[in-house]
Amino acid sequence: MAKTIALFNQKGGVGKTTTCVNLACGLTNLGKKVLVVDTDPQGHSTSGMGVDKNIAPSVYDVLLNGVAAEKAIVKTRYADVLPSNKSLFGAGIQMTELENREYILKNALAAVKDRYDYIFIDCPALLELLTLNSLAAADTLLIPVQCEYLALEGLSSLMSTVRMMKKSVNPNLDIEGVLLTMYDGRTNLSLQVANEVKRYLKDKVYKTVIPRNVRLSEAPSHFKPVIAYDRASKGSQAYMELAAEVLKRNKDR
């Protein structure tokens, strides 16, 4: 039975999609069966895994048209993908009329959970019904935090949101881990942010940090995870280290 991990942060541009794509690919390379569920209307995880965003059926059809998840899943050499596209824009409003609307995704994924070791959900940054569905379906949250001052300001708000989600839609929701991204060890700011995050969240913070790396920025334009685009790059090596650390933390899987 898969462990379902949602990539979540209310702040955009923190490396959420980059982490989703590359961690999934890294775990696939380590022999795990992985599914990426893209619930962001921008579809960046979908294209980042080499899947055409115009493909149908997509997660929209699973959420709103009753299509079984297995019929919408696309197999790639990096991981399986439940794709997203621009049809998801406005889907949250359409879902408000549906019964048990917060749990549509959870119920849909239940039919395929036994096929995977890990399911990663790439959430939208906005806290709306698509995000609620993602958090309701998740066992844990993986929270990327960019190494900049504003990230510290947003941490307490983010933790409040997690507590609210536990009370409202998913009482078993826990934090899988907090990942420091866009780290530059040459700057005092990155070091200060890293120390503050570790002081606040302690052992929830991964030992692996993701550096600023040109290859990480280039890979999406080639529709590949960086691990496939440039295996020798620092970004690729960091995500392979993260995959190993995730497995170590979940050694019973």
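Residues numbered from 1 in each chain as written. Predicted model: local features only at pLDDT ≥ 70, side-chain atom pairs only at ≥ 80, totals over all residues. Heavy atoms only, no water.

A. Quick peek at the pairing of strand β8 (residues 205-211). Most of β8 sits inside the fold, with five of its seven residues counted as buried. Viewed along the sheet, the connection from strand β7 (residues 174-183) through helix α9 (residues 188-201) into β8 turns out right-handed. (Buried < 20%, exposed > 50% of the residue type's maximum accessible area, 1.4 Å probe, protein only. Helix = DSSP H or I, 4+ residues; strand = E, 2+ residues; numbered from the N terminus. Right-handed = clockwise from strand over helix to strand, strands pointing away.)

B. Representation of the pattern of salt bridges in the model. Counted by the stated rule, this structure contains ten salt bridges. Among the salt bridges present, the one from Glu176 reaches Lys3, with a minimum N-O distance of 2.7 Å. Separated by 173 residues along the polypeptide, Glu176 in strand β7 and Lys3 in strand β1 (residues 3-7) bring together distant segments of the chain. Residues Glu176 and Lys3 agree in their burial class; the two are buried. (Salt bridge = Lys/Arg side-chain N within 4 Å of Asp/Glu carboxyl O.)

C. Representation of the side chain of Ser233 in the model. Its place among the elements puts Ser233 in the loop between α11 (226-229) and α12 (234-249). Taking relative accessible area as the criterion, Ser233 reaches 6% and is therefore assigned buried. Apart from residues lying up to four places away in sequence, Ser233 is in contact with Asn213, Arg215 and Val226. (Contact = heavy atoms within 4.5 Å.)

D. Structural context of helix α1 (residues 16-29). Look at α1: 20 Å from first C-alpha to last across 14 residues, which is about the 20 Å you get at 1.5 Å a residue. Buried residues dominate α1, accounting for eleven of its 14 residues. Within the sequence span of α1, burial applies to Lys16, Thr17, Thr19, Cys20, Val21, Asn22, Leu23, Ala24, Cys25, Gly26 and Leu27. Gly31 occupies a position one or two residues after α1 and carries a positive phi of about 95°. (Expected span 1.5 Å × (residues − 1).)

E. Quick look at the packing of aromatic side chains. Throughout the structure, instances matching the rule amount to one aromatic pair. Their ring planes at 10° and their centres at 6.2 Å tell us that Tyr118 and Phe120 sit as a pair that is stacked. Side by side, Tyr118 and Phe120 carry an identical accessibility label, which is buried. (Phe/Tyr/Trp six-rings, centres within 6.5 Å; stacked < 30°, edge-to-face > 60°.)

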